[in-house]
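Read off the chains here:
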Amino acid sequence: MVTKDLFASEASPPDPAHVEQLRRALHEHAHRYYVLDEPTVPDAEYDRLFQELQAIEAQHPELVTPDSPTQRVGGRALDEFASVRHAVPMLSIRTETDTEASGAQNFDARVRRELGLDESAPAVEYVAEPKFDGLAMSLRYERGVLVQAATRGDGEVGEDVTQNIRTIGQIPLRLPAGVPDILEVRGEVYMRRDDFETLNERQRERGQKTFVNTRNAAAGAVRQLDPAIAAQRPLSFFAYGLGEVTPAQAGGPEFGTHYEMLQAVKLWGFPVSALVDIARGATKLIAYYETIGRQRDGLPFDIDGVVYKVNSLALQRRMGFVTREPRWAVAHKFPAQEQFTTVVGIEVQVGRTGKLTPVAKLAPVFVGGVTVTNATLHNEDEARRKDVRVGDTVIVRRAGDVIPEVVAVLPEKRLPDAKEFTMPRQCPVCGSAAVREEGEVDYRCTGGLFCSAQRKQAILHYAQRRAVEVEGLGEKLVDQLVDGNVIRTLPDLYRLGLTSLASLDRMADKSAQNIIEALEKSKHTTLPRFLFGLGIRHVGEATAKELARHFGSLDAVMDATLEQLLQVSDIGPIVALSVRTFFDQAHNREVVEQLRACGVTWQEGAPAPVTPKPLTGKTFVLTGTLPTLSRDEAKDLIEAAGGKVAGSVSKKTSYVVAGTEAGSKLDKAQELGVAVLDEAGLQALLAGSE
Ligand code: IVH
């Protein structure tokens, strides 16, 4: 029986003006996004408009126009690059935005229906893959040599970006013997999160425009006309399919399944994600979606969903395409990592070294799996470049464990009287002058330890796990202690009594006792931890370890001249000066003496060279996820055994320790012939058995 409601919804024809408005908006957004790399709406909003248009057009095919955004896959080829006509069109994938299990169930049901499988037929076999958040690339090899790299463009015609793609270490320039004469490997060019952070940090330091997200950074690098600049923007690649390939009749390969094909592609030397898996039936698809969803934050690259593909190539051929989307694949999206919200205020926070950081206070918004209320604006220049103002509607993004960012402001939603942000010239906490030194991007409070914000940060820095570690001494407690004038300086911590602690608001006797015990425990520390804990500017953990190793005792570090400090490996003039300046200040020496008087101790050794350890003189680079050790643990073990851990691979690297999803560092190691170990290999070295 047909109900009245259904008639009602069919009876109202869509307003042609609305359809046109949707198309115009989509064209505009796509242009900004694909061509200008300056998106003005979150992806989720674009998807919503697109789907609304798609739904209307499906109901009313007479309204479809050849220039509708639904009739093309991506942005047009830019004029500056030569156009490339794809021998085999580059397809798009249907998007499933239902982020529940039903998203996967619906796809499986559709596949079974289209294949005419009834309930008794066995589960369909799929390949499940991450949906990488980069841009599609077709790599053409002729007789094993890379001859062309092309973007997707509109799916028929893309841009020739070979020059830029050649700079990607992960993409082979030449393939092993025996590959098909003609071979187009397709996949995603993307930027790893760590590379993205480094790039944006560098852009910020140079006062240049930062990138909104890894995809835009990757797209910007690929479209960079100067390959020298492109080369400085590290990109990565994952293969997920093929384009034109020498046919079987002419001696080309014959694959039965998508999975077999991926294994071959991997053997030919292309990165294929270790997360690719076979999944039988809807239940396994759902399990995959959930597993990858849980891993999403910890992955070294952004993904915006997973892709399901029918594994059998024969079945794929049977199912074919609708317009430009194969019926045998779907992209099942994860919840969005970008959302709209409004700026309710801009606060200036004071860090340990007095650095003032403007922070946008946001109306709470659920994005990337957490509720976000703050987003850093980094510094005055960055805040001005983004021109974020109180009352503005903004797009916030949170991906992985990365700090939430305001990626763009919607100028059309700005209130007429919104004022431009300016950095205060006085510390918002202590009122001391805030100054920006020449060549620096940051303003700093000149109040030093007079400033309670700096004192709090100094205490938190000292008490953190990787420094002297006072378990349970967190931000809230430090706020209470400093604001209530219970403590002023670091040594005051050790003078805290049970009664004064227990009398604090919301402090149970038991917790007070725990803090006292944690403080007692913290008295037995090591020289590197203590040095790091002092919070000397530019002295991070690694430098603290070097100083301790080189000088052997705290007194030797405190009395070292600039020349002596410069003898320490990895210490340059800026760090040396910072150490010297720190210990030249009477109040800092006083703090150190008082801490010692309170009973803080560590073992002091003779200056280097100390007893040889198994890894002395060896430099390691860690990449990917190790099966049992975290990064921190592996680093600790290596350093305890006398080795060093560096961030990038060079000829001086002794070993690269690689886990799953190892990235460009592994390729670099192979390129330079640096030895590669897995976790077991590292353990063997640590045990001194190799
Ligand atoms: S397969 C016939 N697999 O998503 C299907 N695409 O609109 C061709 N993408 O253009 C694409 N991860 O840029 C495929 N594992 C994956 C993918 C993937 C990301 C991108 C790709 C494509 C878009 C689909």
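Look up a bit, the structure's there.
This write-up is about the structure you can find in this document.

Reading guide: rules and limits
- Residues numbered from 1 in each chain as written.
- Predicted model: local features only at pLDDT ≥ 70, side-chain atom pairs only at ≥ 80, totals over all residues.
- Heavy atoms only, no water.
- Helix = DSSP H or I, 4+ residues; strand = E, 2+ residues; numbered from the N terminus.
- Rg over C-alpha atoms; globule rule 2.2 N^0.38 Å.
- Buried < 20%, exposed > 50% of the residue type's maximum accessible area, 1.4 Å probe, protein only.
- Areas by Shrake-Rupley, 256 points an atom, 1.4 Å probe, with all protein chains shown as cover.
- Lys, Arg positive; Asp, Glu negative; His and termini not counted.
- Charge placed at Lys NZ, Arg CZ, Asp CG, Glu CD.
- Pairing = 2+ DSSP bridges.
- Axes fitted to C-alpha atoms, helices over the stretch in contact; angles between N-to-C directions.
- Contact = heavy atoms within 4.5 Å.
- Salt bridge = Lys/Arg side-chain N within 4 Å of Asp/Glu carboxyl O.
- Near = heavy atom within 4 Å.
- Polar contact = N/O pair within 3.5 Å; in protein donor to acceptor, adjacent residues only side chain to side chain.
- Nonpolar A, V, L, I, M, F, W, Y, C, P; charged D, E, K, R; others polar.
- Phe/Tyr/Trp six-rings, centres within 6.5 Å; stacked < 30°, edge-to-face > 60°.
- Core = buried A, V, L, I, M, F, W, Y, C linked by side-chain atoms within 4.5 Å.
- Expected span 1.5 Å × (residues − 1).
- Arc of directions from axis to C-beta.
- Parallel < 35°, antiparallel > 145°, perpendicular 65-115°, else oblique.
- Left-handed = near helix turned anticlockwise from the far one by under 90°.

Moving on to the overall build of the protein. The helix and strand inventory of the protein stands at 26 helices and 24 strands. By the compact-globule yardstick of 26 Å for 690 residues, the protein fits well, its C-alpha radius of gyration being 29 Å. If you line up the protein on its principal axes, its C-alpha atoms span 85 × 65 × 55 Å. In the protein, which comprises 690 residues, the share counted as buried stands at 49%. When the accessible surface of the protein is summed, it comes to about 33300 Å², and 52% of that surface belongs to carbon and sulfur atoms. For the protein, the distance from the average position of its 81 positive side-chain charges to the average position of its 95 negative side-chain charges is 2 Å.

The strand order across the open sheet built from four strands is β22-β21-β23-β24, with neighbouring strands paired in parallel fashion. The strands lining the two open edges of the sheet, one partner per strand, are β22 (644-646) and β24 (675-677). Averaged over all neighbouring strand pairs, the angle between strand axes comes to 35°, with direction disregarded. Direction of pairing for strand β21 (residues 619-623) relative to strand β23 (residues 655-658): parallel, over a ladder of four bridges. In the strand pairing of β23, L622 is matched with V657. In the packing of helix α25 (residues 664-672) onto the sheet, the strands contacted are β21, β23 and β24, and the crossing angle to β21 comes to about 135°. Those strands touched by helix α26 (residues 679-686) are β21, β23 and β24, and its axis lies near 100° from that of β24.

In this section: the pattern of salt bridges. Scanning the entire structure with this criterion turns up 54 salt bridges. For the salt bridge of E380 with R436, the shortest nitrogen-to-oxygen distance reads 3.2 Å. With E380 in helix α12 (residues 380-386) and R436 in strand β19 (residues 434-436), the pair connects residues that are 56 residues apart, well separated along the chain. By relative accessible area, which is 7% here, E380 ends up buried. Given a relative accessible area of 30%, R436 falls into the partly exposed group. Connected through shared salt-bridge partners, R465, R466, E541, K545, D632, D636 and E639 make up one network.

With that settled, consider the site of the ligand. In the vicinity of the ligand there are 15 residues, among which E129, R152, E188, Y240 and K309 approach most closely. Take I93: an N or O atom from its main chain is 3.3 Å from an oxygen atom of the ligand. In the environment of the ligand, a nitrogen atom lies 3.1 Å from a nitrogen or oxygen atom belonging to the backbone of P130. At the level of secondary structure, the elements contributing two or more residues to the shell around the ligand comprise β3 (125-132) and β10 (303-310). Of the residues forming the shell around the ligand, the biggest block, four residues, is contributed by β3. For the shell around the ligand, the class distribution of residues is nine nonpolar, one polar and five charged.

Right, let's talk about the packing of aromatic side chains for a bit. Taken as a whole and judged by the stated rule, the model has 16 aromatic pairs. The structure contains a cluster of three or more aromatic residues connected by ring pairs, namely F132, Y190, F238 and F301.

Now for the pairing of strand β4 (residues 135-142). Extensive coverage of β4 is indicated by the burial of seven of its eight residues. Strand direction decides the pairing type here: β4 and strand β7 (residues 182-190), joined by eight bridges, are antiparallel. Residue Y141 lies in a different strand from β7, and its bridge partner there is L183. Alignment of β4 against strand β5 (residues 145-151), held across six bridges, turns out to be antiparallel. Within the sheet, the bridge partner assigned to L139 lies in β5 and is A149. With antiparallel pairing between neighbouring strands as the criterion, β4 and β5 make up a hairpin whose turn holds two residues, including R143 at a positive phi of roughly 45°.

What follows concerns unusual backbone geometry. For R143, which is not glycine, the phi dihedral falls at a positive 45°. When you line up the elements, R143 lands in the loop between β4 and β5.

A word on the nonpolar core. Judged by nonpolar contacts, the single largest core of 54 residues is most densely connected at L493, L501, F530 and F583. Ignoring anything within four residues of it in the chain, the contact list for F530 reads Y462, V468, T525, L554, V592, L595, V600 and W602. Within the second largest apolar cluster, 37 residues are counted, among which are V179, M191, A218 and V272.

Below, the discussion takes up helix α4 (residues 101-114). The end-to-end C-alpha distance of α4 is 20 Å, a good match for the 20 Å that 14 residues give at a rise of 1.5 Å each. Looking at α4, one finds that the buried residues are G103, A104, F107, D108, R110, V111 and R112. Those residues of α4 that are buried are in contact with β2 (94-96), β3, α10 (281-295), β10, α11 (313-319) and β13 (329-333).

Strand order in the open sheet formed by five strands is β2-β13-β10-β3-β9, with mixed pairing between adjacent strands. At either margin of the open sheet sits one strand with a lone partner, and together these are β2 and β9 (277-280). Taken over all neighbouring pairs, the strand axes of this sheet differ in orientation by 35° on average, direction set aside. Across four bridges, the pairing between β3 and β9 is antiparallel. What sits directly across from E125, in β9, is R280. Lying over the sheet, α4 contacts β2, β3, β10 and β13, oriented at roughly 170° with respect to β13. Relative to the sheet, helix α9 (residues 258-267) contacts β3, β9 and β10, its axis offset from that of β3 by approximately 50°.

This part takes up the side chain of D304. Assignment of secondary structure puts D304 in strand β10. Beyond its immediate sequence surroundings of up to four residues, D304 is in contact with K131, F132, D133, R296, K333 and F334.

Another aspect to go through is the environment of L262. Note that L262 resides in helix α9. In this view, L262 contacts V127, E129, A239, Y240, G241, V272 and V276; residues no more than four positions away in its chain are not counted.

Assignment of secondary structure puts T323 in the loop between β11 (321-322) and β12 (325-326). Measuring from C-alpha to C-alpha, the distance between T323 and L577 comes to 66 Å, with 254 residues separating the pair along the chain.

So, on to α9. All of the buried residues in α9 are H258, M261, L262, A264 and V265. The buried side chains of α9 occupy one side of the element, clustering within an arc of 160° when seen end-on. Check the buried side of α9 and you find it contacts β3, β7, β8 (236-245), β10 and α11. Phi turns positive, to about 110°, at G269, one or two residues after α9.

For the pair helix α13 (residues 452-463) and helix α14 (residues 475-483), interaxial distance at closest approach is 10 Å and the crossing angle is 135°. With respect to their mutual orientation, α13 and α14 come out oblique. Here the hand of the crossing between α13 and α14 comes out right-handed. For the pair α13 and α14, the contacting residues are S452, R455, K456, I459 and L460 in the first and E475, V478, D479, V482 and D483 in the second.

Shape descriptors only; they carry no functional weight alone.
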